[in-house]
Amino acid sequence: ENKLSQQAIDLENEYGAHNYHPLPVVLSKGEGVFVWDVEGKRYYDFLSAYSAVNQGHCHPAIIGALKTQAESLTLTSRAFYSDMLGKYEQFVTNYFGFDKVLPMNTGAEAVETAIKLCRKYAYEKKGIAENEAQIIVCKNNFHGRTTTIISFSNDEVARKNFGPYTSGFLKIDYDNLEALEETIKANKNVAGFLVEPIQGEAGVYVPSEGYLTKAKEICEKHGVLFIADEVQTGVARTGQLLAVNHENVKPDILILGKALSGGVYPVSAVFSSSEIMDVIRPGQHGSTFGGNPLACAVAIAALNVVTDENLAEKAEELGQLFRSEINTRLVEKSKFVSLVRGKGLLNAIVINDDEDSSTAWDICIKLRDNGLLAKPTHGNIIRFAPPLVMTKEQLLECVSIIESTILEFEN
Ligand code: PMP
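Residues numbered from 1 in each chain as written. Predicted model: local features only at pLDDT ≥ 70, side-chain atom pairs only at ≥ 80, totals over all residues.

1. Let's talk about the overall build of the protein chain
At step 1: Helix and strand counts for the protein chain stand at 14 helices and 15 strands.
At step 2: The buried share of the protein chain, reckoned over its 411 residues, is 46%.
At step 3: For the protein chain, the proportion of contacts with a sequence separation of at least 24, taken over those separated by at least 6, is 74%. (Helix = DSSP H or I, 4+ residues; strand = E, 2+ residues; numbered from the N terminus. Buried ≥ 20, exposed ≤ 12 C-beta atoms within 10 Å, placed from the backbone. Contact = placed C-beta atoms within 7 Å.)

Structure (structure tokens):
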């Protein structure tokens, strides 16, 4: 029974590094909001590869662009120009409203890029003494797992025994404006504030209304760059193209990844004004694959899907429906689910159990059995981030699966 799945799991266990703990389900096909396992069972995908597959699995327009481009040119490196990169850069800067873009591949790489950009700008334009720049980050942040990024993480699992760490980071509470202003005032070399508009991995923690607006004002007042990591929240996920748009905030530096390509290909990017980006000179940063023709073609197609299918509006509408349904059908009925929170289609439920329990995991196993795939962010928090191309009927069916699974689990 489930022989094919077990074989695939055994192979990963035998030959792969054990750097993940996947939910036991082995997928081999995806289409729109659905994925199928190797035994042919169909599931609703309620994770979207951590908010990468916003446009749905294997979207024909994106796959079409991938195939067409793959047949003419896939990689030049930046040793030469390509006929795609400039076109992509023009498209994407217009799309998000910035002067300039620096193309990379993964989210963590783009965060590293933003850190380098912020520091260089501080030394060359703000007169901060070399090696003295500080960047303020938030507690319980998640920005990736490179050595520099884990240096300012407080996830002990991600951090422990990977030192020595990179210095130059100050950590404050999330959603705390006083801490932000006081930390800037107390440290004369603060160059940037790196923040997630909603903390995704922390458990979909939405800050107070007005937080981002006021944080940006404080940064501006003190000449500190406001750096938004929208790798998880960006590209229509939260009901606006960018989560900062909910508060009409324009970051000095914007970081995107994941859904920039609809999850079809690794594409990330850092955006800023020309004044900031122009401090980067040839040889100071780059990547063989960053901005490759295949990535450019895929990302343009993926963003056109976001526009053509009104994915931001859909996320907003479906998100409202999801939270209100979960509230009336689960939170109010169940002693077990204490709340649902989120924006657009980035949501989480919090279960009345301690953070280190296995309850969220056990529920995700039952959800899997009932045809819906989600993953805990903590022992007591389950994130729900389906593709944005879902219909209202499908969403309501998913709510029913979640409701009955949890009520059954509780009893
Ligand atoms: N920043 C944020 C806010 C993220 O959620 C993630 C991934 N979950 C990253 C950065 C890292 O992206 P990647 O896994 O592509 O390196």
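2. Observations concerning the site of the ligand
At step 1: Contacts to the ligand come from 15 residues, most closely from G107, A108, G144, V231 and Q232.
At step 2: Ranked by residue count, the leading element in the shell around the ligand is helix α5 (residues 107–125), at three residues.
At step 3: For the shell around the ligand, the residue count by class is five nonpolar, seven polar and three charged. (Near = placed C-beta within 6 Å. Nonpolar A, V, L, I, M, F, W, Y, C, P; charged D, E, K, R; others polar.)

3. Focus on the sheet that holds strand β11 (residues 337–343)
At step 1: The four strands lie next to each other as β11-β12-β15-β14, forming an open sheet whose pairing is antiparallel. Of all strands in the sheet, those bounded by a partner on one side alone are β11 and β14 (375–378). Adjacent strand axes in the sheet meet at a mean angle of 30°, parallel and antiparallel pairs treated alike. (Pairing = 2+ DSSP bridges. Axes fitted to C-alpha atoms, helices over the stretch in contact; angles between N-to-C directions.)

4. Quick word on the packing of helix α4 (residues 85–96) against helix α11 (residues 293–308)
At step 1: Running from amino to carboxyl end, α4 crosses α11 at an angle of 30°, the nearest separation of the two axes being 9 Å. By the angle between their axes, α4 is roughly parallel relative to α11. When you trace α4 past α11, the crossing you get is left-handed. Counting all contacts with α4, which are made through L85, K87, Y88, F91, V92 and Y95, the residues of α11 involved are C296, A299, I300 and L303.
At step 2: Among the residues forming the contact of α4 with α11, the class breakdown is nine nonpolar, no polar and one charged. (Parallel < 35°, antiparallel > 145°, perpendicular 65-115°, else oblique. Left-handed = near helix turned anticlockwise from the far one by under 90°.)

5. Quick notes on the domain arrangement of the protein chain
At step 1: Domain parsing of the protein chain yields domain 1 (3–55 + 310–410) and domain 2 (60–308).
At step 2: Computed over C-alpha atoms only, the centres of domain 1 and domain 2 are separated by 26 Å.
At step 3: Taken together, the contact pairs 25 residues of domain 1 with 25 residues of domain 2.
At step 4: Residue assignment for the side of domain 1 that touches domain 2 shows that the elements contributing at least two residues are α2 (48–51), α12 (311–331), β11, β12 (346–351), β14 and β15 (381–384).
At step 5: No other element matches α12, which puts five residues into the side of domain 1 that touches domain 2.
At step 6: Its residues assigned to classes, the side of domain 1 that touches domain 2 shows twelve nonpolar, nine polar and four charged. (Domains from an automatic or database assignment.)

6. With respect to the nonpolar core
At step 1: C118, V270 and V298 are the most contacted members of the largest nonpolar core, which has 121 residues in total.
At step 2: No other element matches the eleven residues that α11 contributes to this core.
At step 3: Both of domain 1 (3–55 + 310–410) and domain 2 (60–308) provide at least three residues apiece to this core.
At step 4: Non-local contacts of V298, meaning those with residues more than four positions away in its chain, are made with I62, A65, L66, S261, V264, Y265 and V267. (Core = buried A, V, L, I, M, F, W, Y, C linked by C-beta atoms within 7 Å.)

7. Quick look at unusual backbone geometry
At step 1: For the peptide bond that leads from G163 to P164, omega is 0°, which places it in the cis range.
At step 2: Along the chain, P164 turns up in the loop between α7 (156–159) and β6 (169–172).
At step 3: Even without being glycine, N131 reaches a positive phi, approximately 70°.
At step 4: Looking at where N131 falls in the secondary structure, it is placed in the loop between α5 and β5 (134–138).

8. Quick notes on the confidence of the model for the protein chain
At step 1: Mean pLDDT over the protein chain stands at 97; residues scoring 70 or higher make up 100%.
At step 2: Scoring of the predicted complex yields 0.98 for pTM and 0.99 for ipTM. (pLDDT = per-residue confidence, 0-100.)

9. Some words on the environment of G200
At step 1: Counting through the fold element by element, G200 comes out in the loop between β7 (190–195) and α9 (211–221).
At step 2: For G200, a count of 26 C-beta atoms within 10 Å corresponds to the buried category.
At step 3: Linking G200 and T233, residues 33 residues apart in sequence, is a C-alpha distance of 7.6 Å.
At step 4: Residues within four places of G200 in sequence aside, it is in contact with F142, Q232, T233 and L346.

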